[in-house]
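Residues per chain, in single letters:
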Amino acid sequence: MTTTTYTARSITPRALKELRTTDDAGRRTDGFTDTEGGSPLRCCLRHSEPGERLALVSYAPLRRWAAETGATPGPYDEQGPVFIHADACAGPAGDILPFTGSHRTVRRYSAEGRILGGRLVGEPDAFRQALREAFDDPAVALVHVRAVEYGCFLYEVRRG
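Residues numbered from 1 in each chain as written. Predicted model: local features only at pLDDT ≥ 70, side-chain atom pairs only at ≥ 80, totals over all residues. Heavy atoms only, no water.

Quick notes on the layout of surface pockets
Condition: Two kinds of site are reported from a 1 Å grid over the protein atoms alone, namely cavities, where a 1.4 Å probe fits but cannot get out, and pockets, open sets with protein on both sides within 12 Å along at least five of seven lines, and residues are called lining when an atom falls within 4 Å of a point. Grid points are joined across faces, edges and corners, and a volume is the space filled by probe spheres set on the points. The secondary structure listing takes helices from DSSP runs of H or I that are at least 4 residues long and strands from runs of E that are at least 2 residues long, numbered from the N terminus. Amino acids outside the nonpolar list (Ala, Val, Leu, Ile, Met, Phe, Trp, Tyr, Cys, Pro) and the charged list (Asp, Glu, Lys, Arg) are all regarded as polar, and Gly is one of them.
The calculated volume of the largest pocket comes to roughly 260 Å³. If you go around the largest pocket, you meet 15 residues; those closest to its centre are Thr12, Ala15, Arg64, Trp65 and Glu68. The set of elements that each furnish at least two residues to the lining of the largest pocket consists of helix H1 (13–19), helix H2 (61–69) and strand S9 (153–158). At four residues, the largest contribution of residues to the lining of the largest pocket is made by H2. Of the residues that constitute the lining of the largest pocket, the class distribution is six nonpolar, two polar and seven charged.

Regarding the pattern of salt bridges
Between side chains of opposite charge, pairing is possible as soon as their charged atoms come close. The condition that has to hold: A side-chain nitrogen of Lys or Arg and a carboxyl oxygen of Asp or Glu constitute a salt bridge if their distance falls within 4 Å. Only protein chains enter the accessibility calculation, which uses a 1.4 Å probe; a residue is then buried when its area is under 20% of its type maximum, exposed when over 50%, and partly exposed in between.
One pass over the structure, following the stated rule, counts 14 salt bridges. Salt-bridge contacts for Glu156 lead to Arg9; the nearest nitrogen and oxygen are separated by 3.6 Å. Of this pair, Glu156 sits in strand S9 while Arg9 sits in the segment before H1, and the two are 147 residues apart along the sequence. As a salt-bridge pair, Asp23 and Arg27 come within 3.8 Å of each other at their nearest N and O atoms. Since its relative accessible area comes to 8%, Asp23 is described here as buried. Of the residues examined, Arg27 reaches a relative accessible area of 46% and is grouped as partly exposed. One continuous salt-bridge network, built from bridges that share partners, spans Arg9, Glu68, Glu156 and Arg158.

Looking at the sheet that holds S9
Here is the rule we go by: Each pair of strands is called paired provided DSSP finds at least two bridges between the two strands. Axis definition: a line fit to C-alpha positions, over the contact stretch in the case of helices; interaxial angles, taken between N-to-C directions, run 0 to 180 degrees. Note on contacts: a residue pair qualifies if any of its non-hydrogen atoms lie within 4.5 Å across the two residues.
As summarised here, the arrangement of the four strands in space is S7-S6-S8-S9, forming an open sheet in which the pairing is antiparallel. Each edge of the open sheet is held by one strand with a lone partner, namely strand S7 (115–121) and S9. Each strand of the sheet is rotated relative to its neighbour by a mean of 20°, with strand direction disregarded. Bridge count between strand S8 (residues 140–147) and S9: five bridges; the pairing is antiparallel. Residue Val143 lies in a different strand from S9, and its bridge partner there is Val157. Relative to S8, helix H3 (residues 127–136) is tilted by about 150°, and along the sheet it contacts strand S6 (104–110), S7, S8 and S9.

In structure tokens:
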């Protein structure tokens with residue numbers, strides 16, 4: 001029996017450095033102090049705590065992945081809002097799948113960056129099965145886990 005581990009990938013340190021100056025929509029990044037906490041941080045894959053300095057930026061995950069791989073996502077090249085720390089942080093701690101306490105969409109993409117389908121996941125225990133099913137399809141190159149409420153990108157999982 002083989003056990004496959006799926007690792008959530010936060011936004012890369014290089015991309016974070018760029019996003020902390022100018023976001024993927026070309027806007028200057030401004031930080032703010034989080035007074036309430038609870039925002040899903042894509043830099044360290046945890047929820048924010050009151051008093052932390054955050055930035056809300058536009059992020060284009062497929063565009064950045066395509067630049068790495070040579071994919072051409074065409075109209076699937078979308079950008080959306082994500083919370084990050086306004087200053088560098090230590091990144092994710094551990095290899096757990098974060099943000100599984102709410103309904104999420106597991107969206108599948110081909111090596112060309114085209115959507116191949118998706119699945120609604122409602123229970124925390126169902127995430128690994130949804131990822132296993134996604135990567136059982138050899139055409140799937142990566143998966144985005146997204147919030148259902150707003151469709152926001154939370155993190156990606158890649159094959160291998």
